[in-house]
Amino acid sequence: MNSGNRKSENLKFRTRAIHVGNEPDPASGAVIPPVHFASTFRQPGAGEWGEFDYSRSGNPTRAALERSLASLEGGCGGLAFSSGMAAIHCVTMLLESGDHIVAGCDLYGGAYRLFHKICSRAGISVSLVDMTDAEAVEAAMRPETRLVWAETIGNPLFTIPDLTEIAEIAHRRDALIGVDNTFGSPVLVRPLEFGIDIVMHSATKYLGGHSDCLGGTLATHDKGLLDRLYYVQNATGAVLDPMTCFLVSRGLKTLDVRVREQSRSAMELAVWLQQHSRVRRVLYPGLPEHPGHETAARQFGGLFGAMLCFEVDGSFEQTKRVCNATELFGLAVSLGAVESLIEQPASMSHASYDAADRARFGISDGLIRLSIGLEDVDDLRADLEQALGKIG
Ligand SMILES: *Cc1c(COP(=O)(O)O)cnc(C)c1O
């Protein structure tokens, strides 16, 4: 938990990503701050406490990452967790038995499982709604609704909620609103600027950016809320370790360049896939015909992200064949790294959904999801072309 630095507020995003939380070490002059592996810290005297005492409660390397995060999201503070799920779980632990969550219907599979299978054990219920339909969100709100949970870019259909609109609905009913900004990254959108209370990331994805670490983050602009979240985190213990904090901090320095370049390639591939004879439809918010295009254009500052889906003209088995045939695109869940990835939501990322919910929310057997990396776009196009040829 750490408050932002006043002076840095005037710096641009990319500059802050490199400098805030990365102040040189005064002891050695090292340009990169040292990684603090200590689990405990000597105190000035018995019963007197220094800035750090025990690493679960606070660690200098973690504090530095939390400071960068808060700065990039425009919050008063941030928290770094051992995974994205640990971060979402921390938010749900603000709730009590009898409380209710309203969440987006094309939710990350792990969040779906957490809400339905774990929160339910604590007497917390959840309703799923289309977050782009303000009336539906309004109608799903109950007197006991304490949390609204959405994704800035839904998964895997890329629905784009109007953040200002859903924040107003939540606040009119005195509910908190949190959003998962993993797919968007703070390069595309900083939800706190739209009145959202809590922004969450799986740092495993774009923030880390290299498929080499697991982490999660929360940021908020409400000091009281930050204190409550920190209390839960410290009491339950799912903190991010110093080495991974260092990796995420390093990832943040190139976040802006990576996401911009990856978004450019995604746009190019979306347009190309659209005219491919074996492709039924392409889901990408950058395409003018995508239902979320206008909201995305307004909220995302001209970028549309580096995730896209397309539906092949084929069966469940034929779709699998395409996913199995790519060479550059790795067949794997996860996303947001420099390596491009491919997967079939129905059998992989969204297998934890009930079959009925998959059908209801349009997660069809022919759907393929791509995470566009930093490879040359010509090579990526050629790889998809040869894989689509395997449909037969
Ligand atoms: C990966 C992911 C998560 C969960 O994060 P972990 O780091 O895997 O725990 C949550 N939301 C979204 C959108 C994700 O892609």
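Conventions adopted
Residues numbered from 1 in each chain as written. Predicted model: local features only at pLDDT ≥ 70, side-chain atom pairs only at ≥ 80, totals over all residues. Heavy atoms only, no water. Pairing = 2+ DSSP bridges. Helix = DSSP H or I, 4+ residues; strand = E, 2+ residues; numbered from the N terminus. Contact = heavy atoms within 4.5 Å. Axes fitted to C-alpha atoms, helices over the stretch in contact; angles between N-to-C directions. Near = heavy atom within 4 Å. Polar contact = N/O pair within 3.5 Å; in protein donor to acceptor, adjacent residues only side chain to side chain. Areas by Shrake-Rupley, 256 points an atom, 1.4 Å probe, with all protein chains shown as cover. 1 Å grid on protein atoms, 1.4 Å probe; cavity = no way out; pocket = protein on both sides within 12 Å on 5 of 7 lines; lining within 4 Å. Sits in = over half its atoms within 2 Å of the grid points. Domains from an automatic or database assignment. Salt bridge = Lys/Arg side-chain N within 4 Å of Asp/Glu carboxyl O.

1. Thoughts on the sheet that holds strand E10 (residues 330-331)
- Pairing is mixed across the open sheet formed by 5 strands, whose spatial order is E8-E9-E12-E11-E10. Since the sheet does not close on itself, it has two edges, and those belong to strand E8 (279-283) and E10, each with one partner.
- In this sheet, strand E11 (residues 341-343) lies alongside E10 in parallel orientation, the contact comprising 2 bridges. Residue pairing across strands places Leu331 opposite Ile342, the latter belonging to E11.
- Across the face of the sheet, helix H10 (residues 255-274) comes into contact with E8, strand E9 (307-312) and strand E12 (367-371) while running at roughly 10° to E9.

2. Considerations on the site of the ligand
- Contacts to the ligand come from 13 residues, most closely from Met85, Asp180, Ser202, Thr204 and Lys205.
- Interatomic distance of 2.9 Å between a backbone N/O atom of Gly84 and an oxygen atom of the ligand.
- The separation between an oxygen atom of the ligand and a polar main-chain atom of Met85 is 2.8 Å.
- When isolated, the ligand has an accessible area of 380 Å², and the protein chains bury 93% of it.
- In a pocket analysis with a 2 Å cut-off to the grid points, the ligand is assigned to the largest pocket.
- Counting only elements with at least two residues in the shell around the ligand, the list comes to helix H3 (84-92) and strand E6 (198-202).

3. Topic: the domain arrangement of the chain
- Annotation of the chain at the domain level lists domain 1 (7-252) and domain 2 (256-391).
- One C-alpha centre belongs to domain 1, the other to domain 2, and the line joining them spans 26 Å.
- Counting from both sides, the interface comprises 35 residues of domain 1 and, opposite them, 41 residues of domain 2.
- On the surface where domain 1 and domain 2 come into contact, there are 2 salt bridges.
- Between domain 1 and domain 2 we count 15 residue pairs in polar contact (both at pLDDT 80 or more) in total.

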